[in-house]
Amino acid sequence: MTDRAISEAAMLASLRDIRLPEIAAGGTLAEVAAVIGLASVAALLLVGVIRLLSREKQPQATGSETGLAALAHLTGAERRVALLHLLRARAPERFAAIKGEIYTPGGGIDLETLEHEVRRCA
């Protein structure tokens, strides 16, 4: 650089030489990839928020009888599922022992047996 001041015309002439490329490296393919990436991140965030907002609360029972009383209003199939969840939470080893009977044709374990198992493990 020199210590001399440059004229306004010389400065404007030197600025005119600066030109940005009209097409970025990669062209349209790079733009499409960037849009797909941003859309994927946005979709993942949206799904995460929807999952958090749509969670159902499961009945929390402090004691065996309290948990069973809270399930009294459920239908047969819903009650069976809730009892299996209680059994899995309270006695995982007993749940593992009867897990194979759940999927047998004809319904598997009856409700009385499940209630007895839940009462026994509490």
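The structure displayed is predicted, hence computed values, not measured ones. (Residues numbered from 1 in each chain as written. Predicted model: local features only at pLDDT ≥ 70, side-chain atom pairs only at ≥ 80, totals over all residues. Heavy atoms only, no water.)

A. Looking closely at the packing of helix H4 (residues 76–90) against helix H6 (residues 111–121). Their axes nearest at 10 Å, the elements H4 and H6 cross at an angle of 25°. As far as their axial angle goes, H6 and H4 are roughly parallel. Between H4 and H6 lies a crossing of left-handed hand. Taking contact as the criterion, the partners of Gly-76, Arg-79, Arg-80, Leu-83, Leu-84, Leu-86, Leu-87 and Arg-90 in H4 are, on H6, Leu-111, Leu-114, Glu-115, Glu-117, Val-118 and Cys-121. Its residues assigned to classes, the contact of H4 with H6 shows eight nonpolar, one polar and five charged. (Axes fitted to C-alpha atoms, helices over the stretch in contact; angles between N-to-C directions. Helix = DSSP H or I, 4+ residues; strand = E, 2+ residues; numbered from the N terminus. Parallel < 35°, antiparallel > 145°, perpendicular 65-115°, else oblique. Left-handed = near helix turned anticlockwise from the far one by under 90°. Contact = heavy atoms within 4.5 Å. Nonpolar A, V, L, I, M, F, W, Y, C, P; charged D, E, K, R; others polar.)

B. A look at a nonpolar patch on the surface. Nonpolar side chains collect at one region of the surface, where Ile-6, Met-11, Leu-12 and Leu-15 lie side by side and expose about 380 Å² of accessible area between them. Relative to the assigned elements, Leu-12 resides in helix H1 (residues 8–15). According to the relative accessible area criterion, Leu-12 is partly exposed, its value standing at 37%. (Patch = residues over 30% accessible without salt bridge, like charges linked within 9 Å, V, L, I, M, F, W, Y side chains within 5 Å. Areas by Shrake-Rupley, 256 points an atom, 1.4 Å probe, with all protein chains shown as cover. Salt bridge = Lys/Arg side-chain N within 4 Å of Asp/Glu carboxyl O. Buried < 20%, exposed > 50% of the residue type's maximum accessible area, 1.4 Å probe, protein only.)

C. Region of interest: the environment of Asp-110. In this fold, Asp-110 is placed in the loop between helix H5 (92–98) and H6. On the basis of relative accessible area, Asp-110 is assigned to the partly exposed category, the value being 35%. Put simply, Asp-110 and Arg-80 are 30 residues apart on the chain and 8.1 Å apart in space, counted from C-alpha to C-alpha.

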